[in-house]
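Geometric and topological summary
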Amino acid sequence: MPSTATRRVVITGIGLISPLGTRKEAVWDALAAGRSGIGPLRCLPSEDLAIRCAGEVRGFTGEIADFGTLGKEQVRTIRKGLKVMCREIQMGVAAAQLALQDAQLKLGDYDVDRTGVVYGSDYIMTAPEEFTEGVRSCLTPDEQFDFARWATDGMPKVTPLWLLKYLPNMPASHVAIYNDLRGPNNSITLREASALLAVAEAYCTIVRGHAEIMIAGATGTRLHPLRTVHVALQEECAKGDGDPEKMCRPFDLHRRGMVLGEGAGAIVVEELGTAQARGVPILAEIVGFASSAAAHPTTGGDICQAIQNVICQALAKAGMEPEQLGHYHAHGLATRICDEQEAAAVQAVFGARNQPLPVTAAKSYMGNLGAAGGLVELISSVLALQHDKLFPILNYETPDPRCPIHAARTGDESSGDSFLKVSVTPQGQASAIAIRRAG
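The text that follows walks through the structure, step by step, so that each part is easy to find. (Residues numbered from 1 in each chain as written. Predicted model: local features only at pLDDT ≥ 70, side-chain atom pairs only at ≥ 80, totals over all residues. Heavy atoms only, no water.)

**Quick look at the sheet that holds strand β11 (residues 327-329)**
Judged by pairing direction, the sheet is mixed, and its 11 strands sit side by side in the order β5-β4-β6-β7-β1-β8-β15-β14-β11-β12-β13 without closing on themselves. In this open sheet, the two strands that pair with only one neighbour each are β5 (185-188) and β13 (406-407). Judged from the three bridges that link them, strand β1 (residues 9-17) and strand β8 (residues 284-293) form a sheet pairing that is antiparallel. Across the sheet, residue Val-10 finds its bridge partner in β8, namely Glu-285. (Pairing = 2+ DSSP bridges. Helix = DSSP H or I, 4+ residues; strand = E, 2+ residues; numbered from the N terminus.)

**Here we look at the packing of helix α1 (residues 24-33) against helix α13 (residues 373-387)**
Close contact between α1 and α13 brings their axes to 10 Å; oriented N to C, the two are set at 80 degrees. Put simply, α1 runs roughly perpendicular to α13. Touching Lys-24, Val-27, Trp-28 and Leu-31 of α1 are Ser-380, Leu-383, Ala-384 and His-387, all from α13. A class-by-class count of the residues in the contact of α1 with α13 yields five nonpolar, two polar and one charged. (Axes fitted to C-alpha atoms, helices over the stretch in contact; angles between N-to-C directions. Parallel < 35°, antiparallel > 145°, perpendicular 65-115°, else oblique. Contact = heavy atoms within 4.5 Å. Nonpolar A, V, L, I, M, F, W, Y, C, P; charged D, E, K, R; others polar.)

**Notes on the pairing of strand β7 (residues 262-271)**
With 10 of its 10 residues buried, β7 lies for the most part within the structure. Where β1 and β7 come together, eight bridges link them in antiparallel fashion. Opposite Leu-16, over in β7, you have Gly-265 as the bridge partner. Here nine bridges tie strand β6 (residues 213-221) to β7, and the two strands are oriented antiparallel to one another. The residue of β7 that forms the bridge with Ala-218 is Gly-265. (Buried < 20%, exposed > 50% of the residue type's maximum accessible area, 1.4 Å probe, protein only.)

**A word on the pairing of strand β15 (residues 429-437)**
Extensive coverage of β15 is indicated by the burial of seven of its nine residues. Relative to β15, β8 is paired through nine bridges, and the arrangement is antiparallel. Looking at the pairing, Glu-285 lines up with Arg-436 of β15. Looking at chain direction, strand β14 (residues 418-424) and β15 are connected through seven bridges and run antiparallel. The partner of Leu-420 across the bridge, within β15, is Ala-434. Connecting β14 to the next strand, β15, in antiparallel fashion are four residues, including Gly-428 with a positive phi near 90 degrees.

Next up, the structure:
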């Protein structure tokens, strides 16, 4: 085994379930063509909400075909397990299976004791219908809920396995079981920061010699009968009528707030020598990572400081100067405050460059996928490196003086040889991953 000081970590497989599609070719075609995946909200009763559009994954049904090409035993076990997975977990497992297939990894091809999984997620909310029968059985004649009857009359009507459908550690557990992965296994629940922290944990696990291969994934949603209401009440969302494809406008002067979405993403990461021995294509190399939390004592999350911290940390770990970075993949939430603070952080680090740093934001195509966003967006930039073409920020028409960035606008710019992907939560928890072109 090589010294941990010299172990390099590369990406050999990608899988994603996104509003732009569930195959990497379809996703890249949409990004390259500037085609949005945001449409009218259909999965929730929009007539009762101010939100009219969303980044829904219309091509994912939760059927076994959505999990790609599987062995006969895997088909049987995954199909059996679907009944104890909510949609969020189903998407996460499907993304991992697609990534494994993309990396040409089949059962028996790897050392099961040195192959593991780390997954990021939001806290996964129970669907209200899980409790419908239980609540109905506790109603008084005048339709009031009698909590005193819940233990005797309500709980017995709730299926004993309901909790398994929503535990945030279940994506990593299912993936490990279905693929006999007995190595390190972990789950991270830090909202939008989760995905990149999962990648960082997988990277560190390999660097310190505890595994040769890891699956790093994340799944998330902002489309849920309860979560959507929470977000609409607490955060700045794009509301009202209008062309859905025009609603998400990161860094634009006339941005209206974030668009809600859903999805999942996963990558297979390997120690370089292991990947070379397998003779598989190397898609990119992970060269740096970072995590930081920053907050004001009275006003909450300091997004600007947190992002600035992770940019500097990730560049330092990668041994890169600001001038060397190919492009920056922004969190790009499309809210007034978050975009301003992110732009200020980017300007503070990269403002003195001789050449402006190109900035893109895949949320303009898909919306905020919650915990999944960081990984789906990272994969988007890996695809950009492969094609040496940087997809533009959709709907960036009028620059905002308070957001001094060099937005990718034409689709003709080079992706460069490297990129930095950053994610951040409203509470000021930021994460970042630095990626370099394979070679």
